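# Results of the structural survey
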Amino acid sequence: VEKLQAWVDVPGVYYAGSHGFEIRGPNGSQLNYTVAAQLLPEVRRALEVLHAKLAPIPGVQIEDNKFVASVHTRNVSAADLPAVDAVVNGLLEEQPLLTRTAGIHVIEVRPQIHWHKGKAMGWLIKCMCEMLGLPSGADSRKATAMPIFIGDDVSDED
């Protein structure tokens, strides 16, 4: 969330980062939520392994998104992609609490729980409706609130 706030610093905005695993509202907000905090050490270990084992492969970029380790493959040769897949698959065999998702030229390693950006948005809208005294049921809140969601990859479509 810190990275997101640095890029788009808008007062009064609620931010959801790391595929919704971390939600932070404006100063003083009661709507701050972290999902899978107990799995953060697993993600840290995964980042260490990915950095060590993927360093020899030209073009690989690894991004630390706190709760998600992103392996960017846009600049990796087609010949080296199977080696990247093998490293990620080997990592997941050793760390079964994590899972793999994919986007356009990116492999993401994240906690294996049923939570994603769509769930985060639903939770945030429900809580905000409740705080404002508006209908917060699943059907009624769809007519009450219109969220704005911005993303840049197929993994943003949860």
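Here the structure is a predicted model, which is why all the values come from computation and not from measurement. (Residues numbered from 1 in each chain as written. Predicted model: local features only at pLDDT ≥ 70, side-chain atom pairs only at ≥ 80, totals over all residues. Heavy atoms only, no water.)

### Regarding the side chain of Ser70
Rule in force here: Under the scheme used here, helices are H or I runs from DSSP no shorter than 4 residues and strands are E runs no shorter than 2 residues, and both carry numbers assigned from the N terminus. The definition of a polar contact used here is a pair of N or O atoms within 3.5 Å, where within protein one atom must be able to donate a hydrogen and the other to accept one, and adjacent residues in sequence count solely through side-chain atom pairs. Any two residues having at least one pair of non-hydrogen atoms within 4.5 Å are treated as being in contact.
In this structure, Ser70 sits in strand β5 (residues 69-72). There is a polar contact of 2.9 Å between the side chain of Ser70 and the side chain of Asn65. Dropping the residues within four chain positions of it, Ser70 is found in contact with Gln61, Ile62, Glu63, Asn65, Val106, Ile107 and Glu108.

### Let's talk about the pattern of salt bridges
This is how it is decided: We define a salt bridge as a contact between a side-chain nitrogen of Lys or Arg and a carboxyl oxygen of Asp or Glu at a distance within 4 Å. Only protein chains enter the accessibility calculation, which uses a 1.4 Å probe; a residue is then buried when its area is under 20% of its type maximum, exposed when over 50%, and partly exposed in between.
Considering all chains together, one arrives at five salt bridges under this definition. Residue Asp64 is joined to Arg44 by a salt bridge in which the shortest nitrogen-to-oxygen separation is 2.7 Å. You can see Asp64 sitting in strand β4 (residues 61-64) and its partner Arg44 sitting in helix α2 (residues 40-54), a full 20 residues away along the chain. In this structure Asp64 comes out as partly exposed when scored by relative accessible area, which is 37%.

### Regarding the sheet that holds strand β6 (residues 98-103)
Test applied: Between any two strands, at least two bridges found by DSSP are needed for them to pair. Axis lines are fitted to C-alpha atoms, over the contacting stretch for helices. Their N-to-C directions set the angle, which ranges from 0 to 180 degrees.
Taken in spatial order, the four strands of this open sheet run β4-β5-β7-β6, and their pairing is antiparallel. Sheet topology places β4 and β6 at the edges, where each strand pairs with a single neighbour. Strand-to-strand twist across the sheet, computed as the mean angle between neighbouring axes with direction ignored, equals 20°. In the sheet, β5 pairs with strand β7 (residues 106-111) via four bridges, with the strands oriented antiparallel.

### A closer look at the pairing of β4
Of the pairings in the sheet, the one linking β4 to β5 comprises four bridges and is antiparallel in character. Directly across from Asp64, in β5, lies its bridge partner Ala69. The turn linking β4 back onto β5 is made up of four residues, and Lys66 within it adopts a positive phi angle of 65°.

### Observations concerning the packing of α2 against helix α3 (residues 81-94)
Spelled out, the test is: An angle counts as roughly parallel when it lies under 35 degrees, as roughly antiparallel when it exceeds 145, as roughly perpendicular when it falls between 65 and 115, and as oblique in every other case. Left-handed describes a crossing in which the near helix is turned anticlockwise from the far one by less than a right angle; the clockwise case is right-handed. Each residue is assigned to one class: nonpolar for Ala, Val, Leu, Ile, Met, Phe, Trp, Tyr, Cys and Pro, charged for Asp, Glu, Lys and Arg, and polar for all the others, Gly among them.
At their nearest, the axes of α2 and α3 sit 10 Å apart, and the two run at 150° to each other. When the axis of α2 is compared with that of α3, the two are roughly antiparallel. Pair α2 / α3 crosses with right-handed handedness. Residues Ala46, Val49, Leu50, Lys53 and Leu54 of α2 touch α3, and the partners they reach there are Val84, Val87, Val88 and Leu91. By residue class, the composition of the contact of α2 with α3 is eight nonpolar, no polar and one charged.

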